[in-house]
Every structure is written in structure tokens, then in C-alpha cells.
Amino acid sequence: MVEHDGRRAFLAEIPQRLAAIEENWGELRAGSWQEKLLEQLYTRIRDLADAANQFDLFQLGESIFSAEVYLSSFVDDVSQPNPRQLEELDGLIRALRAAADSLADEEAKRPASRQSVVYTLSDGGELVGKVAEALQQRDTRTENFDDAKALIDAVDREQPDAVVVDTAQLPQVGRVSTELVRLQAHQALRIPLVFVSGSKNLQLRIDAMRAGGDAYFVAPLDAPRVADRIIRLAHPDESEPRKVMVVEDDPTQADFAGSILRKAGMEVRVVTEPLSVMQELEAFKPDLILMDIYMPDVNGIELTTIIREHNAFATTPIVFLSGEQDTDKQLDALSVGGDDFIAKPIRPKHLLAIVEHRIQRARSVMQAVGARRERDRVTGLFNRRHFFERIARAVESPESHQRPAAIVHIQPDRLGELRQQQGIGAVDTMIADLGERVRSLVSAADVASRFDENTIALFARRENAAEIADLAERLRQAVAERPFAMGGQAVKVTASVGYCLLEAGQDDAAGLAARAERASTLAASEGGNRVVAYAPPRTGAAPAGGAPPIVDHIREAVHDDRLVVQYQPLLDLRARGSENYELLLCVPHPSGDLYTEAEYREAAAEANLLDALDRWLVERAVEQIKRRRDASRHPHLFIRQLGNEALSGEFPAWLAGRLRSLQTVGTGLVLDYRLADVSQHLKAAQQTFRALHDMDIQIALSRFPEKPAAFKVLRFLQADYIEVTPRLLKADPETIRFVVGEAHKADAQVIVGNIDDAKSVDLHWSAGADYIQGNFIQRPLENMDYDFFQVVV
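Residues numbered from 1 in each chain as written. Predicted model: local features only at pLDDT ≥ 70, side-chain atom pairs only at ≥ 80, totals over all residues. Heavy atoms only, no water.

### Focus on the nonpolar core
Cut-off, in case you're wondering: What is meant by a nonpolar core is a set of buried Ala, Val, Leu, Ile, Met, Phe, Trp, Tyr and Cys residues, joined one to another through side-chain atoms within 4.5 Å. When a residue's accessible area, from a 1.4 Å probe over protein chains only, is under 20% of the maximum for its type it is buried; when over 50% it is exposed; and in between it is partly exposed. Only DSSP runs of H or I with at least four residues qualify as helices, and only runs of E with at least two residues qualify as strands; both kinds are numbered from the N terminus onward. Contacts: residue pairs with any heavy atoms within 4.5 Å of one another.
One finds L671 and Y673 to be the most contacted residues of the largest nonpolar core, which totals 116 residues. The element that contributes the greatest number of residues to this core is helix α2 (residues 35-54), accounting for nine residues. For Y673, the residues in contact, after removing those within four places along its chain, are Q641, A646, L647, F651, V678, F689, L692, I699, A700, L701 and S702. Residues A426, I431, I456 and A460 belong to the second largest nonpolar core, which totals 28 residues.

### Details of unusual backbone geometry
With an omega dihedral of 0 degrees, the bond running from A219 to P220 counts as a cis peptide bond. Along the polypeptide, P220 turns up in the loop between β5 (215-218) and α9 (223-234). Positioned with a positive phi, N608 is a non-glycine residue whose angle comes to about 60 degrees. Looking at the secondary structure, you find N608 in the loop between α21 (597-606) and α22 (610-630). Its relative accessible area of 44% is what places N608 among the partly exposed residues.

### Observations concerning the side chain of R601
As a reminder of what qualifies: Here a polar contact is taken to be a pair of N or O atoms separated by no more than 3.5 Å, where protein atoms must pair a possible hydrogen donor with a possible acceptor and residues adjacent in sequence count only if both atoms sit in side chains.
Here R601 shows up in helix α21. Residue class for R601 comes out buried when judged on its relative accessible area of 15%. In terms of polar contacts, R601 uses its side chain to reach the side chain of D677, at 3.5 Å. Non-local contacts of R601, meaning those with residues more than four positions away in its chain, are made with L610, L642, R674 and D677.

### Notes on the pattern of salt bridges
Rules: Take a side-chain nitrogen of Lys or Arg and a carboxyl oxygen of Asp or Glu: if they are within 4 Å of each other, that pair is a salt bridge.
Per the counting criterion, the structure on display carries 33 salt bridges. A salt bridge links E280 to R269, with the shortest nitrogen-to-oxygen separation between them at 3.0 Å. Within this pair, whereas E280 is found in helix α11 (residues 277-284), its partner R269 is found in strand β7 (residues 267-271), the two being separated by eleven residues in sequence. We classify E280 as partly exposed; its relative accessible area is 26%. The salt bridge partner of R620 is D561, with a shortest N-O separation of 2.9 Å. Of this pair, R620 sits in helix α22 while D561 sits in the loop between α20 (549-559) and β18 (564-569); the two residues are 59 residues apart in sequence, bridging distant segments of the chain. Given the relative accessible area of 19%, R620 is considered buried. D561 gets classed as partly exposed once you look at its relative accessible area, which sits at 45%. A network of salt bridges, in which partner residues are shared, links E582, E597, R601, R640, D672, R674, D677 and E723.

This is the structure in C-alpha cells:
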């Protein structure tokens, strides 16, 4: 209860703390970049982050975390943020305010409810005790019983949210399970039954399953994680309605089943034309399919076989509802992928119980394996990752070359001005309304997505290009036709719309989306409130807007495949002879000189070319790894990632495709991300890094400072390497040893780059660094022929 009171006190303090942070940032932003003001701001944000973490305020914590990490890269640094970095910091401070406002709204809407209660059945063992302690830290009251009868009596007096049982008490569980089943049957009250065990004995798990267990955990336990899982079981997320598709050729029977399910609060779509099921599935995305076996044109068994061939519906529960009494036929239906069989006639209560159980089970399984949501909570549209998956499937479909298709990108005009005048919360409301307007104009086959925080993208297929152009224009008009409600006012908003037609044979969804986005950006630069179709620039021609000449050289080099790779060795201080290179991408100039990353990065970013450069370099690295492995050599190649696409959900899928095409694996590939870039997209980075790790691709975080926030990110993302920020080259030995020690605790190896003298080599080697690199060791080479065995450090 003390912690609960502390949480309330902290929530009450948030407005004042935020006001101090915003005032601090305003002074820093308006005046000269003063180290004292920066330290004050960083300290305030770090203190707020610690408190948010203490009270498990996850949404607020993530926003503070991003601001803390990004700001930490400037603390104690002699450099001042450039205009783009100042804008990034501005956005992070605004996002912090939005998260706090959202938290305040949630707290205001939270109903006054009783404290969660979990009963435990154990003889006082350590395992259950640790779980109970973790539950208590999450404001859940626990009560332990060493006798099943006493627990059942307590359930009759006060129904708990869950019951946790030590498997040592399995002989007593039968009576407890019976009572829980009775409550579910007669009161529609579901109380999860969870088992914990100190033994890996399979028979114990089987007995627990037979006793009706909903979850089973074996020592050694991560007690906080188990507690979180119990809470999720006890309070499943029902914010999204349960969706059931009824496939039945008899309209009367379909309406009967549909009415029962709708009365229970489910969203129902009835399909009486079985041959249209696949199109309806794509549009509706049901949690469960309720299907008859005997239908004209195609029977339920054949239809189930077809459905199971599509990955998107491979795990969607299919329940057969039929008058078929032949058990062999019922088994045939289940053998092709059905999950259950209900014989007609059926009582409504029985139908509801089966459907509820199957949906709940499917959601629990998806949650256990880390399944992601497909829809954005604000707009109700698909999220970005699902958007790209749907495009990939559409491109691969036989229809892909029969009718024109395009991605349309919509970005509201004057967003910075709107945020400043109305606040970020009002802008979020506007984006939600924009999502509604887009939904009203699209067909069931279109794929609409919240592309990023403030833009929407749409994949659409029409009969001809003129209809796509017309759709883009109608979307522009839908934004401008009536004002948006923002902060209690009616505010007129316009939008810049760009679209890019899918070209024959093109299968790069990310590239298609990037071109549509560039077209909308061009529309905005021309004054906004207009539609622009993407037109590819001619090779060698300067783009509109007067881009610097270096942009022309980059485009030409990418187009003609003339980019240059240099290889700079990294010396492994622990394993002599191991082969490690950083791949450095250079852009050739007609004079014969080479632009380095430091010279082309800013211009390439302005021209949206960084993602193309990243992909080009990664492809060359994969080819090198393949060649080296075929020659029985096992290098580690470090590739710096400059663009945002490398943090997106579609990047791992693209890279997996490249590895498959070369019949190789990702072992030896290390992708290097700047810590400051990653800190703005922590959730996306975590998902991307997990997918890369699954391919045995390693991760490095560069420009890594000694700040505590940086090590939080390291542990959160589980990166394999850190490359210390250049200013630490001259740090005192104690600081260097601290950085190395903390990195090693997080199972990460330490790279020290920019070594320029023998003193730096000795300092970092003695401090325990794992790799060193720099021109003092070896300048970049044109090939990978460096002799690592000859080096003596």
C-alpha cells in the first residue's frame, strides 16, 4: 500500500516536473548552448525516468527513455546540436508531454475498482513465494493456503482474479479445478489456474494440464515476468472486439448463429457465398471462423484446406458447425486443420462457450509467442509493419500485373505550426479523424496504414492509372473539405498527397513507399494542398529544388553500381588472427576523388538516399561473407547503418531474402547503429534486432557514452558490441574501465575506434577493450588482404 500511495503522489507531481523540463529546455533552446542548463535538463529527465520505471508507467517511461538517451549524447560533449538534432530534441520533449497527457487521461478514466487478488496453494515453498512477492509489487493482494478446502471456501467468499498452485499440491487440485469450472459454467466467471514447479518432470506437466491449468512455469523462474503473465491471464486485453466470421450457405442458419454471437458483444460477418471467403478473410481478419461442412460449390473441408495454405490464417481457429453425425466425417474435417466440431442442433450457451474458449486460447498463444497487433490504436488503420506485409503478398499474387496499383502517401500540411498552436494531443486527435476519413474512401481490398506518427499510406489497386489519380485527389479533398476539431476549435487543415505506381516486376515495397513519400514531400514543398505523382529523375539531372552536386554523384553511382567500398581492419585484442573489417562506403567524384561518409551523409539524408546506400552496402557485405565462407574463412564485417529503414520491420525480411538468394546465413555480419538514432525508435529497434539475431546477425551501437541511460538501452536491446564515443578516447582510465566493465556485464564487447597514437592503444588495451581500430593501426584498404597474424600490439 505504501508503493500504491507513492504512485499516486508521483502522478500528482508529473505536471510540475514536466513544466520544469519544458522551461529548462526552452531556456536552453532559445539561448546559447550552456553546459549548466543542459546538465539540469538531463538530471530532471533522468530522475523522471527512474520514478516512471519504479511505478511501471511503461508508456511514459518509454518516452522519457528516448529523450534521456538522445540527450545523453550531448552531455559533456563539446559539440552543439545542429538544427536537425535540435528539431529531434524538440520532438522528444513534445512526445514526453503527449505521453504524460495520455497517462493523465487514462488515470482519470480508470474506474474505482477493487485491488486484484490472487490465491496461492502451496506449503510455503520458495517458488510460489517469489511469484507472490512479484505480484504484491504490482499492487496485487495475495493470500496463501496450504489446504484445498480452505482455498475453495475463500473462493466462495471472495472470487480471486487467479489461482497459483505449486505442483507439489497436485493431489489436492482436483477439487479446486472443479470449483473453478463450476464458477465458469454457472456465473460466466473465468479464473485462470496457473502452476509453478521446481521439476521438469513431464508427467507433472501432463497432470497439471489435465487439471485444467492455463499456464505452467518451471524453475528457474523469472518471478516478475511470471507475475506479469498471471496479470495478463487474469485481465485479458478486451479492448479489441472478438471477431467471428460465419460461413454458411443457409441465410437462416447463418443469421441464427450470428445473432447469438452479436448478443454476446462479438463482431460478426456472415458469408453466404463460400467462394468469396478468401476476399472476406483478407478484409475482416476474424479471430475465429465458424463454418458449415456441406455447402454448394465448395465444402467446408476443401475450404479449410485452402485457408490453411495462407500464412496469414494458418493459426486462425476454425470451428465446424454442422448436422453431420458421422464421426469419421467429423475427424476428416478436423484432420485438414479444423480446431473443433459442433453438431447441430446446439444450445446458444454451448456455442458461446466454445467460441469464447477458442478465441481466448488463440489470443493467449499469440501473446505467448510475441504476436504483434496489426492495427494502430489511434487511427484504427493497419500498422506500418502489417502494411508492408500485405503489400508483399499483393505484389506476389497473380493479380499483381493485371491491374495498376500504387502506394498513396498523405501528409497533413503545416504540422509544426499545428503542434505549436494546438499541442501534440490535438494533432493526435486530428490524425485519428484523418484515419476515419481515409477509411470512408477505401475499398475492402485496399490496405490503409498509419505510416508514421503523422502520415497515412494506402496501397490501392484500380482498373487504370486514371482511377488511382482520382483516388489521390479525393483523399486530398477529404482532408480539406471540412475543418478538424482540435482543442475545442474547428481548424482547417490541408494535406500534401503523393503516389507512386507499381511498376511491372517491382517487388520492393519499401522502395515503392519511399517514392510515394518523396512525391508527397515534393507536393508540400510546392505549397501543399495538392497531389503529385512520383516521376523518376533522369540519371545525371539535378533534381528540383537545386540539390547540391554531390547528390547527383550519389544517384549516378548507385544507378551505375559505381560506389566504392573500403575495408578498415579491427584488431581483436583477445583472439589473435581473427578477421574483422569495417566496410566504409565512398562515393566517387568525376575527378577521381572519393566522398567519405562524413562528406556525403548530410546531403544524402536531405535527398532521402541513405536507405538506398545502406541496402547497397549490406548486399556487398553479404556477398563478401558468402565468398569468404566458401573459401573456409570466417570474417566479421561491420556495416554502419545510416538510414531509418534499417530499423523498420520490413528490413529483416528483405535481408533474409538476400541471404536465401545466396544460400548463405547471416553469421559474421554485424550491423552498426548510432545510439542516438536508435534511441528515437526503441520499440521498433528491439523488434528489428530480435529478428536479426534470429538470423545470427549481430548488432553494434556506436558513439556510445558512459551515461547510465546508454547502458539501459544496451541491456534493453541486447546489442553484441558497443563502439565508444570519440571523446572517451581522452577520458581518464577509471571512466574507461567503468564503460568496459558495464558493457561486459551486459554481454557486449567494446570497440575503440579513431585510435591515433600508441598511448591510446595502451590505455584501452589495459582497460579491457576487446577491439581497437583507427588510422594509427591501419588506414582503410581497397581489399580484404590484411594479415591479422602479423600484428603485434
